[in-house]
Amino acid sequence: MVGTLLQATDVAAISESIRAVWVLVVSFMIFFMQPGFALLEAGQVRAKNVANVVMKNMMDWSLGVLTYFVVGLGVATVVGALTASGTAVDVGAAFRYVDDPGSWIDWLFGAVFAMTAATIVSGAIAERMKFSAYVAFTVVMVAVIYPVVQGITWGGGLLAAEGVLGSAVGAGYKDFAGATVVHALGGIAGLTAAYMVGPRKGRFDADGNARPIPGHSMLLAVLGTLILAFGWYGFNVGTQATVLTTDGAFMGEELGRVALNTTLAMGVGAVASTATTTVLEGKPDPLFAANGLLAGLVAITGACIHVTWWGALLIGLVGGVQTPFVYRWVVDSLQIDDVCGVFAVHGSAGFLGTLLIPVFDTAGFSLAQMGIQVLGVLVIGTWGVLATMGVLGVLKVAVGLRVPEAEEDEGLDLSEHGVSAYPEFGAEDAPVADGGAPEGSPVADGGRVVAGESEADAGTAGSDETGTAGSDETGTAGSDDPEEVN
Amino acid sequence: MVGTLLQATDVAAISESIRAVWVLVVSFMIFFMQPGFALLEAGQVRAKNVANVVMKNMMDWSLGVLTYFVVGLGVATVVGALTASGTAVDVGAAFRYVDDPGSWIDWLFGAVFAMTAATIVSGAIAERMKFSAYVAFTVVMVAVIYPVVQGITWGGGLLAAEGVLGSAVGAGYKDFAGATVVHALGGIAGLTAAYMVGPRKGRFDADGNARPIPGHSMLLAVLGTLILAFGWYGFNVGTQATVLTTDGAFMGEELGRVALNTTLAMGVGAVASTATTTVLEGKPDPLFAANGLLAGLVAITGACIHVTWWGALLIGLVGGVQTPFVYRWVVDSLQIDDVCGVFAVHGSAGFLGTLLIPVFDTAGFSLAQMGIQVLGVLVIGTWGVLATMGVLGVLKVAVGLRVPEAEEDEGLDLSEHGVSAYPEFGAEDAPVADGGAPEGSPVADGGRVVAGESEADAGTAGSDETGTAGSDETGTAGSDDPEEVN
Amino acid sequence: MVGTLLQATDVAAISESIRAVWVLVVSFMIFFMQPGFALLEAGQVRAKNVANVVMKNMMDWSLGVLTYFVVGLGVATVVGALTASGTAVDVGAAFRYVDDPGSWIDWLFGAVFAMTAATIVSGAIAERMKFSAYVAFTVVMVAVIYPVVQGITWGGGLLAAEGVLGSAVGAGYKDFAGATVVHALGGIAGLTAAYMVGPRKGRFDADGNARPIPGHSMLLAVLGTLILAFGWYGFNVGTQATVLTTDGAFMGEELGRVALNTTLAMGVGAVASTATTTVLEGKPDPLFAANGLLAGLVAITGACIHVTWWGALLIGLVGGVQTPFVYRWVVDSLQIDDVCGVFAVHGSAGFLGTLLIPVFDTAGFSLAQMGIQVLGVLVIGTWGVLATMGVLGVLKVAVGLRVPEAEEDEGLDLSEHGVSAYPEFGAEDAPVADGGAPEGSPVADGGRVVAGESEADAGTAGSDETGTAGSDETGTAGSDDPEEVN
Amino acid sequence: MAANDGEVKLVMAYVRPDALAAVKQALAEVGAPSLTVSNVRGRGSQPAKTERYRGEEYVVDLHEKVKVECVVADVPAGDVVDAIADAAHSGEKGDGKVFVLPVEAARQIRTGKEGPDAV
Amino acid sequence: MAANDGEVKLVMAYVRPDALAAVKQALAEVGAPSLTVSNVRGRGSQPAKTERYRGEEYVVDLHEKVKVECVVADVPAGDVVDAIADAAHSGEKGDGKVFVLPVEAARQIRTGKEGPDAV
Amino acid sequence: MAANDGEVKLVMAYVRPDALAAVKQALAEVGAPSLTVSNVRGRGSQPAKTERYRGEEYVVDLHEKVKVECVVADVPAGDVVDAIADAAHSGEKGDGKVFVLPVEAARQIRTGKEGPDAV
Ligand SMILES: Nc1ncnc2c1ncn2[C@@H]1O[C@H](COP(=O)(O)OP(=O)(O)O)[C@@H](O)[C@H]1O
Ligand SMILES: Nc1ncnc2c1ncn2[C@@H]1O[C@H](COP(=O)(O)OP(=O)(O)O)[C@@H](O)[C@H]1O
Ligand SMILES: Nc1ncnc2c1ncn2[C@@H]1O[C@H](COP(=O)(O)OP(=O)(O)O)[C@@H](O)[C@H]1O
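On a predicted model such as this, the values are computed, not experimentally measured, just so you know. (Residues numbered from 1 in each chain as written. Chains lettered and ligands numbered in written order. Predicted model: local features only at pLDDT ≥ 70, side-chain atom pairs only at ≥ 80, totals over all residues. Heavy atoms only, no water.)

### Things to note about the overall build of chain A
- When helices and strands are counted, chain A shows 18 helices and zero strands.
- Residues classed as buried in chain A amount to 69% of the 486 residues present.
- Of the contacts formed within chain A by residues at least 6 apart in sequence, a portion of 76% connects residues at least 24 apart. (Helix = DSSP H or I, 4+ residues; strand = E, 2+ residues; numbered from the N terminus. Buried < 20%, exposed > 50% of the residue type's maximum accessible area, 1.4 Å probe, protein only. Contact = heavy atoms within 4.5 Å.)

Pasting the structure below:
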């Protein structure tokens, strides 16, 4: 076997190739969290709002990737440089990735994290927020709100070791895969948005007592949860991207730690939340089990590379146990209608898990580290609240945040999108037998099925219909009628 | 650290190993498009046809892989050689993969593409095509129709640079991951099949006006869409299979380009389709958003390695915007009942996106390239139409294409498979309370639940039942009765 | 290009890196089988038991990973050493992985197999087993029952080449990816558990004739099946973990063989089961197609690396054809109510496929091999039955295995968890219009919606409610009333 | 008008689901467009059908029907019965039946109108 | 036969869902196999039940019942009431009730038969 | 007590789904808490609504309603009608209607009580 000698450059190419396979696969997995969120949220709303929920999810991703490519990542870099101690800001360089194919794999890896943060918010404001306002908010979230946090942490800004605060305190903020950068930011933005939009009709009675509004499918909620857990392995373990360092070292222990800690924390999160609700409610609650599993994952997301395995167990335990309590506190004390409990699951769990990093750090406890963790949580939390309030405040004036009450009653699927998610099932829009007349002979008394694109026709059909049906036997209808709606 | 020197052979082994990991993982992801298609289609049919839809999907894959192993890939190679300029055809060699374990990873990679093309058709002809005819068609699709296209393109035949046409024109047909080879072929075969089978009962009224037949679950359609998008990353990015070339070059820029272009095109496809329907219909339409997302993906599938990022944006835009228009044209002008809109989503989007490659090619515009693109689209489109018509024409005579009207009314789940997909829900077959008598005491008046495999018993039960119930109080039933069915 | 020379140590690092990427990705895929099982089982039960099914699945995984980390893997190692011929048992070493980050990737790979075995059982005992008893059983399954089998096979114990039996016979038990170690163990444990728990009410009539109890969604069952097939690629192909051996050899042929055999066996399994039921029942049965697809996969799981491609076809064929027959035998002859048919799908298919390995072995037939295969199947089967009977026997006395009949009627979602999986749909718990009063004004006649955690309030509300409603116009209610339940 | 001798009648029919569109049209034509429908399942002379679950057969002897309720005052109940019976007729077993029941009082909720005027 | 004095009667019952199979059988035995059933929910003397959604309780005071409608002419309505009441009896709260309503006219859609003959 | 001249009456109403909670409360207050409800769909004076499926419009002219049935003996049917009509009133088209039908016989399944006592 004679051959040319391998040179170090080859090792770099090999190392980059392995890294590329890994980063791409985990990016795909993180993208796959999008259907996970869609299902988790769809399962927790009533059937009449399902199409709206999945529509918002599709728009989060679709508009989000465009925004993050054109604006988001550049803003993160600029903010990082601005808030670093003594780094010159080069705006041109910050946006150079737009024309650099060599950086696009990493752009995708960044984008799937950004879109996760954006998507979390939709679960909090489901069933009553205007679609237009939501879409506008999600664009700002991906263009500015998330990139700022990315910039001040992973982007080397404010909270990083080289950032203004980080260097002052003498420690860089630790949040490995985004427990706070992604999840708690999404969670607290969601909580704030839910506060701004107000509770769904009927969520609190006249005395302010909470009244549950059960979602239409626990199965979908659990399926979404398990899809998210799958994607989360990409999220956490995938962040340990340097499978093989350029100087040839294999990162097996790091990968193993992240994988194990992620697994244990999700396990204990589900078990702990189940146990808590069994004590509180007398029976193990499947929805809280699912929420606890996710809260365990959120809690360990920032910590997974840093802490011992029993530290991961304790962090997951905290994540799971706090979920029911924080959820009730949001409902009963804050009186905020956070439909999917995103603050309890993504917000508080993310903050708590990240604050606990120094306590279980394999590197030992450090006061400076604890200091920057506290500062980081405060900065991110405050930014999340203020930015959300600001953006939604503007949108409230510009387009309004909330659909009219009649549309909320009817369901957003019909009022915002003109569709039924389940035309054959369900309490709200189940047609009887003739399928709401899409088939069969022409609809009785002049109502006619109108094909496609002409709004004019639709209007006509509506008035034909009501004209005929409205003149009932008593012949008195008409004068006292409110205007007709289609 | 003393060690033996690495030799070039090792680099080859390493390179192949990395490639194998990559190809296998993306193949698994592309396989995962099968449940994506199953859900997408199931969501767009009525509840009474859901089991039939998923049954067809399972058979596409199951029969398909057997067929593609025994026949398909070999046919592709033979056709490729036959239509190449001056290549000798060696049929034996073409089928040698059957006994060559070293080629089986690549066989799987090829198979998942073939099965995607086959599966697309089922969405067009749902809710009325005979199961037996469909299964026969899908076997021919995987054995011949798709392999021919594979052979004349990727297989180095007719349209390839070394093919008869390609070498004449002086350029090889560009379709990177199968926008036309896979998707548009499936889309146009679906359109043709939908034409051959005829529209569902009630889809057009007596005057030829289209009447919508809403599918039973928009949620499932959107979930299927997002699963497909996940698989599509495997489809497109995975086609850039040579992560590391054998001479050691890392293909990071190529991978990045494909990943970015795929992402941007799907994003803009969804946004563009949504915007279009918002203008046309007044409200953003979730089903068209989902369709547009897929159309953006289809449109970029052939182009993703070739074009600039803004080219990808424009191609995705075209894919998204054309979807509602082409769909309406198929319905209103062609009067074809393409249930899931597969032509608008997979067909026209694939053709258009592939025709646009030369316009946005990073290699610059070339007339020869444009020429072969046009020729390629014509050849593939024509083949798709003719082959489908031929096969279905034969099947029409042999077994018939369509279920009887009474079976269509009843639903194919019951008539073709004897089952209910949702025995507890739904308009069609919801048993009242006693579950259609699977539980509880014996069915009244002699009807008896019959266990399992004996057809004889079933017949008896049926006649017992109807014998008793049929003799109603008036005592007149019987003489004028049509024959009894089970 | 000048560079330092690559050394053999680098090859090791590279090889380990590639392996780590591979093992992690396939582990994530195998984890993803959890939602697959959840859907498969949920689709096969009635709507009133769906939340219970998914709750059990979440607990399998969550409690399971904790148990397998703290106990399971160590037990496997100890058992392996105990039953090997002449290996000293070092209990400390057996548990050393707990503190060895370098072994945690492999721990995860082991854990996802263990959890698969545990999850299978839940499908057999659905719709009537006590949640507490199930959870206790699953912990023992992961702590002891599975680890023992792992130890005596892959762990180098009893049945392995170096084990007491294996070395006596002169051949090591072949079960590549766990057809028996994982699947058949789960299948036979499920069968035994279903026997111990007894059939669901109404499953057999007074004469012992089986009466079907249709599951609520064939769609979910098929979706679960296809998700499982996706994960199975990780399961089987992923077991061929050494993509690149440390001495630099690429394992392409092995990977190809496993991938091809897995694909062909699942295809033929589905086709064969469909064909069988078409002959037996007159119509192709979608649920049996899905079951056959899985049975084909189970059958080939142990054999995929060992057998020829046509051997794989025949093994898949056996797996598919036997499914309907074994299922009927379990129902009609054993009179066991195995709800999801886990014995036919995972049990008998796994045993048969593994027994057939020597027949189609690329290494040729060997009597010793056949001997150890038979012995292995007997040992594993016997252990599965006895261990399950033992554990459930104890649990029967300790907590009882079965919910009371009234709770079974009501559904386990409500009785075990106090929830409805589909509050808006379904025969069992569909609220009429006012959503069971979660919204709107206070419930009539004193019934009041009670927020959250106080059990006391709930009790009060219940008695208010019934107090008022109970005193109907006749004024006679009350004296003969059974006690009130909430 | 004293179509029903000044009385109010409830016409109640069990019909095939696919007859509903025609029944709706027929009622509108006869001047009684207001109606209420619900999904029901019925057993009559129509033979039971057999479904299968994992190979096991079970008999479903309840067929899906639609119940149509139409309360009339000014329109003769007989006309309504005719209209429904015509529109729902296929001649095959399972077409269903129409019944007329007396109504003693009626009230329109929106307007408070009573008796025949309420209908 | 003038079982109901030549009149047609609608026997209407609210029963427990799990009594349906027995009711169906009993009606067939008493010679009135034709019936129509629908899913309803009712409130009576049966205590409300409590469900939970993410830890919050809500009271469901409407219990699932099945409404059985059986129109008879030749079979005495009283026999039908007896048959249903026997078959649906469990003795626990929530068993339901049976009512008999007068029917003024009947028509079989398939045959056009009228009155008692239509039933 | 001879609220309805000793007779039993079936009060049957079609109301808006979101009025159900109020109707339930009102019936309890008027002393007739027992009721049975079902999901129905109706056409009356309320204008049809337009839905869309992949851009194609279709008219849904059947609106979701709830049918409330309340059989009374001791409580005057008129009071029940009033209670329902008050509770379900919104003043907009689609509020629905209330009808009273005569009931000839009644039986409580659990106790076997007959006539007014059964209700
Ligand atoms: N006596 C009856 N009481 C209640 N419902 C009835 C009665 N007779 C018929 N029906 C309803 O009408 C439907 C059709 O009746 P069927 O006897 O099958 O039709 P046909 O009158 O054409 O023979 C039945 O499914 C049932 O719902
Ligand atoms: N007066 C009534 N009006 C309407 N429906 C009634 C009436 N009384 C009982 N029902 C129906 O019968 C069902 C059972 O009645 P319930 O009073 O709970 O049983 P029981 O007679 O055994 O005490 C109720 O859920 C309701 O659907
Ligand atoms: N004559 C009728 N027969 C049967 N159902 C009716 C009748 N009139 C009204 N309904 C029912 O009442 C509902 C509301 O009636 P509608 O006429 O829309 O309200 P309003 O009385 O406020 O004009 C209808 O949707 C229908 O279900």
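### Let's talk about the overall build of chain D
- The helix and strand tally for chain D stands at two helices and seven strands.
- The order of α-helices and β-strands along chain D, N terminus first, is β-α-β-β-β-β-α-β-β.
- Compactness check: chain D gives a C-alpha radius of gyration of 17 Å against a globular reference of 14 Å for 119 residues, more than 25% above the reference.
- Projected onto its principal axes, the C-alpha coordinates of chain D cover approximately 60 × 30 × 20 Å.
- Looking at chain D residue by residue over its 119 residues, the buried ones come to 72%.
- Element-wise, carbon and sulfur atoms account for 46% of the exposed surface of chain D, whose accessible area totals about 3300 Å². (Rg over C-alpha atoms; globule rule 2.2 N^0.38 Å. Areas by Shrake-Rupley, 256 points an atom, 1.4 Å probe, with all protein chains shown as cover.)

### Quick word on the site of ligand 3
- In the neighbourhood of ligand 3, 22 residues make up the surrounding shell, with D:Thr36, D:Gln108, D:Arg110, F:Ser45 and F:Gly94 lying closest.
- Each of chains D and F places residues next to ligand 3.
- The separation between an oxygen atom of ligand 3 and a polar side-chain atom of D:Thr36 is 2.6 Å.
- At 3.4 Å, a backbone N or O of F:Arg43 approaches an oxygen atom of ligand 3.
- Here ligand 3 loses 100% of its free accessible area of 550 Å² to cover by the protein chains.
- Those elements giving two or more residues to the shell around ligand 3 turn out to be β2 (35-43) and β5 (63-72) of chain D together with β2 (35-43) of chain F.
- It is β5(D) that provides the largest number of residues to the shell around ligand 3, a total of three residues.
- Grouping the amino acids of the shell around ligand 3 by side-chain chemistry returns five nonpolar, nine polar and eight charged. (Near = heavy atom within 4 Å. Polar contact = N/O pair within 3.5 Å; in protein donor to acceptor, adjacent residues only side chain to side chain. Nonpolar A, V, L, I, M, F, W, Y, C, P; charged D, E, K, R; others polar.)

### Section: the packing of helix α1 (residues 20-29) of chain D against helix α2 (residues 77-87) of chain D
All names here are of chain D.
- With their axes 8 Å apart at the nearest point, α1 and α2 run at an angle of 150° to one another. Classed by the angle they form, the pair α1 and α2 counts as roughly antiparallel. The element α1 and its partner α2 pack so that their crossing is right-handed. Together, Ala22, Val23, Ala26 and Leu27 of α1 and Val80, Ala83, Ile84 and Ala87 of α2 make up the contact between the two elements.
- Here the residues of the contact of α1 with α2 sort into eight nonpolar, no polar and no charged. (Axes fitted to C-alpha atoms, helices over the stretch in contact; angles between N-to-C directions. Parallel < 35°, antiparallel > 145°, perpendicular 65-115°, else oblique. Left-handed = near helix turned anticlockwise from the far one by under 90°.)

### Thoughts on the relation of the copies chain D and chain F
- Each copy superposes on the other: chain D lies on chain F with an RMSD of 0.0 Å after a rotation of 120° and an axial shift of 0.0 Å. The two molecules are tied by a three-fold rotation axis, judged by turn and shift. Within chain D, the C-alpha atom positioned nearest to the axis of rotation is that of D:Pro102, 4.3 Å from it.
- Little of the interface of chain D is mirrored in chain F, where only 12% of its interface residues are also at the interface. (Least-squares fit on C-alpha atoms with pLDDT ≥ 70 in both.)

### Thoughts on the packing of aromatic side chains
- In this structure the tally under the stated criterion is 57 aromatic pairs over all chains.
- Ring geometry for A:Phe31 and B:Tyr233: centres 5.5 Å apart, planes at 70°, overall edge-to-face. A residue pair is termed interchain when its members come from two chains, as with A:Phe31 in helix α1 (residues 8-31) and B:Tyr233 in helix α9 (residues 218-237).
- With a centroid separation of 6.0 Å and 90° between ring planes, the pair formed by A:Trp310 and A:Phe360 is classed as edge-to-face. (Phe/Tyr/Trp six-rings, centres within 6.5 Å; stacked < 30°, edge-to-face > 60°.)

### Some words on the interface of chain D and chain F
- In this assembly, 25 residues from chain D lie in contact with 31 residues from chain F.
- Between chain D and chain F, the buried area comes to about 2300 Å², and carbon and sulfur atoms account for 56% of it.
- Broken down residue by residue, the surface that chain D buries against chain F is led by D:Arg107, D:Ile109 and D:Arg110, which jointly contribute 35%.
- There are four salt bridges connecting chain D and chain F.
- Residues D:Glu104 and F:Lys9 are paired through a salt bridge, measuring 2.7 Å at the closest nitrogen-oxygen approach.
- The interface formed by chain D and chain F includes 14 residue pairs in polar contact (both at pLDDT 80 or more).
- Class assignment for the residues of the side of chain D that touches chain F results in 15 nonpolar, four polar and six charged.
- Sheet topology places β2(D) next to β2(F); three bridges connect them, and they run antiparallel. (Buried area = accessible area lost by both parts, 1.4 Å probe. Salt bridge = Lys/Arg side-chain N within 4 Å of Asp/Glu carboxyl O. Pairing = 2+ DSSP bridges.)

### Considering the interface of chain B and chain A
- Contact with chain B, which involves 73 residues of that partner, is made by 68 residues of chain A.
- Of the roughly 6000 Å² buried where chain B meets chain A, counting both sides, 76% is carbon and sulfur surface.
- The tally of links from chain B across to chain A stands at zero salt bridges.
- Scanning the region where chain B abuts chain A turns up seven residue pairs in polar contact (both at pLDDT 80 or more).
- Mapped by element, the contributors of at least two residues to the side of chain B that touches chain A are α1 (8-31), α9, α10 (252-281), α11 (286-301) and α12 (309-333) of chain B.
- If you tally residues by element for the side of chain B that touches chain A, the top one is α10(B), at 18 residues.
- Class assignment of the residues belonging to the side of chain B that touches chain A gives a composition of 49 nonpolar, 14 polar and ten charged.

### Quick word on unusual backbone geometry
- One non-glycine residue, A:Glu127, lies in positive phi territory at about 80°.
- Accessibility expressed as a relative area gives 1% for A:Glu127, which makes it buried.

### Description of the nonpolar core
- Ranked by internal contacts, the top residues of the largest apolar core, which has 493 residues, are A:Trp22, A:Trp107, B:Trp22, B:Trp107, C:Trp22 and C:Trp107.
- Counting residues in hydrophobic clusters, the runner-up holds 39 residues, among them E:Val103, F:Val8, F:Tyr14 and F:Phe99. (Core = buried A, V, L, I, M, F, W, Y, C linked by side-chain atoms within 4.5 Å.)

### Describing the relation of the copies chain B and chain A
- Superposition of chain B onto chain A requires a rotation of 120° combined with a translation of 0.0 Å along the rotation axis, giving an RMSD of 0.0 Å.
- Little of the interface of chain B is mirrored in chain A: 15% of its interface residues are interface residues there too.

### As for the site of ligand 2
- Near ligand 2 there are 22 residues, and of these E:Ser45, E:Gly94, F:Thr36, F:Gln108 and F:Arg110 occur at the shortest range.
- Close to ligand 2, residues of chains E and F are found.
- At 2.7 Å, a side-chain N or O of F:Arg110 approaches an oxygen atom of ligand 2.
- Protein coverage of the free-state accessible area of ligand 2, which is 550 Å², stands at 100%.
- Of all the secondary-structure elements, those providing two or more residues to the shell around ligand 2 are β2 (35-43) of chain E together with β2 and β5 (63-72) of chain F.

### A few points about the environment of C:Asp106
Residue and element names in this part refer to chain C.
- With respect to the helices, strands and loops of the structure, aspartate 106 is situated in helix α5 (residues 104-124).
- Assessed through its relative accessible area of 36%, aspartate 106 is described here as partly exposed.
- In sequence terms aspartate 106 and methionine 370 are 264 residues apart; their C-alpha atoms lie 30 Å from each other.

### Here's the deal with the pattern of salt bridges
- Within this structure, the stated rule accounts for 69 salt bridges over all chains.
- Of the charged contacts in the structure, one is a salt bridge between A:Arg200 and A:Asp337, with a shortest N-O distance of 2.8 Å. Placement of A:Arg200 in the loop between α8 (179-197) and α9 (218-237) and of A:Asp337 in the loop between α12 (309-333) and α13 (342-355) is noted, with a sequence separation of 137 residues between them.
- The residue E:Asp61 makes a salt bridge to E:Arg43 at a minimum N-O spacing of 3.4 Å.

### Details of the pairing of β2(D)
All names here are of chain D.
- Within β2, eight of the nine residues are buried, which leaves it mostly tucked inside the rest of the structure.
- Note: β2 against β5, seven bridges, orientation antiparallel. From the neighbouring strand, serine 38 faces β5, where its bridge partner is lysine 67.

### A short note on the confidence of the model for chain A
All names here are of chain A.
- Overall, the prediction assigns chain A a mean pLDDT of 87, with 85% of residues at 70 or greater.
- Low pLDDT (under 50) marks residues 1-5, which in the prediction has ten contacts with non-local residues, meaning those over four places away or in another chain.
- In this model residues 426-486 is a low-confidence stretch, pLDDT under 50, and it forms 151 contacts with partners more than four residues away in sequence or in other chains. (pLDDT = per-residue confidence, 0-100.)

### A word on the packing of helix α9 (residues 218-237) of chain C against helix α10 (residues 252-281) of chain C
Residue and element names in this part refer to chain C.
- Direction vectors running N to C along α9 and α10 enclose 145°, while the axes themselves pass 9 Å from each other. The interaxial crossing formed by α9 with α10 has right-handed handedness. Across from Ala229, Tyr233, Asn236 and Val237 in α9, the residues of α10 making contact are Leu255, Val258, Ala259, Thr262, Thr263 and Met266.
- Broken down by class, the residue content of the contact of α9 with α10 amounts to seven nonpolar, three polar and no charged.

### Some points on α5(C)
- Helix length check: α5(C) (21 residues) gives 32 Å between terminal C-alpha atoms against 30 Å at 1.5 Å per residue, within 8%.
- Most of α5(C) is tucked away: 20 of the 21 residues are buried. (Expected span 1.5 Å × (residues − 1).)

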